[in-house]
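Chain and residue survey
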Amino acid sequence: MSAEFSYTLINGWSRTDAGETPGLNGLKSEERLLLLSSGSMTLDLELLSAKAVEVELKYSGKASLGSEDAAYLNEDAGKEAIERVAWLTVGQKRLVFAHTLIPLDRIQKSLLKALESRAREPIGTVLRSKNVPFQKENIEVGVLRYAPAAADLRIDASTPLVSRRYILFDRKKSGRWTIKALVTEIFSPVLIPFREAKQP
């Protein structure tokens, strides 16, 4: 692993059932769209910005699933996985920090090779080019502090950052996995700022 992905939760992870965003106040329509979207983050950003989304790759390599990540994925702790850490950028501006874990036995070998050889492209772009009709489930939103992302954004390490996590997957009727991944996305305050609840 490049470095332990360890963050401090301010508002714990909450499910977004029925379109709710617990703990987040004053969201604008485009911010809510990004948080609740079950489609491609790359496409959503391109629609909002009318510009191409690029990847600033921070790390790509092997890791093992920790207990919390394994429980979220309903997999065994210690299972070998591929870890990918990257920023989605528009016009060289960092907008979304993405941390992805993919158990090695939950991805098709040909797709794994494509992701490795095209590591500087958004995962969604690679999946679409391979005609993989991925879905997202167990979408949760939260607010956290994560010093490495704050440092990349040149903001104070204590800045609350709006985040979400979900399982990205495609599984055939035969039961064979094309991909199953845990994705955690941390949004730059430029894109989705955290707003304190107004005092009564």
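Structure report, in brief.

**Comments concerning empty space enclosed by the protein**
- Counted according to the given criterion, the structure contains 3 cavities of 30 Å³ or more.
- By volume, the largest cavity is sized at about 240 Å³.
- Leu88, Ile123, Gly124, Tyr166 and Glu185 are the residues nearest the centre of the largest cavity, which is lined by 19 residues in total.
- Counting only elements with at least two residues in the lining of the largest cavity, the list comes to α2 (41–49), β3 (80–90), β4 (93–103), α5 (123–129), β6 (161–171) and β7 (177–187).
- Of the residues belonging to the lining of the largest cavity, the class tally is 11 nonpolar, 5 polar and 3 charged.
- Taken together, Ser60, Ile82, Glu83, Arg84, Thr100, Ile102, Leu112, Leu115, Glu116, Ala119 and Ile123 make up the lining of the second largest cavity.
- Residue assignment for the lining of the second largest cavity shows that the elements contributing at least two residues are β3, β4 and α4 (109–117).
- Taken together, the residues that form the lining of the second largest cavity break down as 6 nonpolar, 2 polar and 3 charged.

**Some points on the pattern of salt bridges**
- Within this structure, the stated rule accounts for 14 salt bridges.
- A salt bridge links Arg106 to Glu75; the shortest N-O distance between them is 2.8 Å. Of this pair, Arg106 sits in the loop between β4 and α4 while Glu75 sits in the loop between α3 (67–73) and β3, placing them 31 residues apart in sequence.
- A relative accessible area of 11% places Glu75 in the buried class.
- Across the salt bridge formed by Lys172 and Asp170, the nearest N and O atoms sit 3.0 Å from each other.
- Judged by relative accessible area, Asp170 falls into the buried class, the value being 5%.
- Counted as one network, the salt bridges with shared partners bring together Glu75, Lys79, Asp105, Arg106 and Lys180.

**A look at the nonpolar core**
- One finds Leu35, Leu45, Val96, Phe187, Leu191 and Ile192 to be the most contacted residues of the largest nonpolar core, which totals 19 residues.
- Of all elements in the fold, only α1 (29–36), α2, β2 (53–64), β3, β4 and β5 (135–145) reach the threshold of two or more residues within this core.
- When residues in this core are grouped by element, the largest group, 3 residues, is from β3.
- Not counting residues within four places of it along the chain, the set of residues in contact with Leu35 comprises Leu24, Leu27, Ile139, Val141, Val162, Ser163, Arg164, Phe187 and Ile192.
- Residues Ile82, Ile123, Val126 and Ala181 belong to the second largest nonpolar core, which totals 18 residues.

Conventions adopted
- Residues numbered from 1 in each chain as written.
- Predicted model: local features only at pLDDT ≥ 70, side-chain atom pairs only at ≥ 80, totals over all residues.
- Heavy atoms only, no water.
- 1 Å grid on protein atoms, 1.4 Å probe; cavity = no way out; pocket = protein on both sides within 12 Å on 5 of 7 lines; lining within 4 Å.
- Points joined across faces, edges and corners; volume = space filled by probe spheres on them.
- Helix = DSSP H or I, 4+ residues; strand = E, 2+ residues; numbered from the N terminus.
- Nonpolar A, V, L, I, M, F, W, Y, C, P; charged D, E, K, R; others polar.
- Salt bridge = Lys/Arg side-chain N within 4 Å of Asp/Glu carboxyl O.
- Buried < 20%, exposed > 50% of the residue type's maximum accessible area, 1.4 Å probe, protein only.
- Core = buried A, V, L, I, M, F, W, Y, C linked by side-chain atoms within 4.5 Å.
- Contact = heavy atoms within 4.5 Å.

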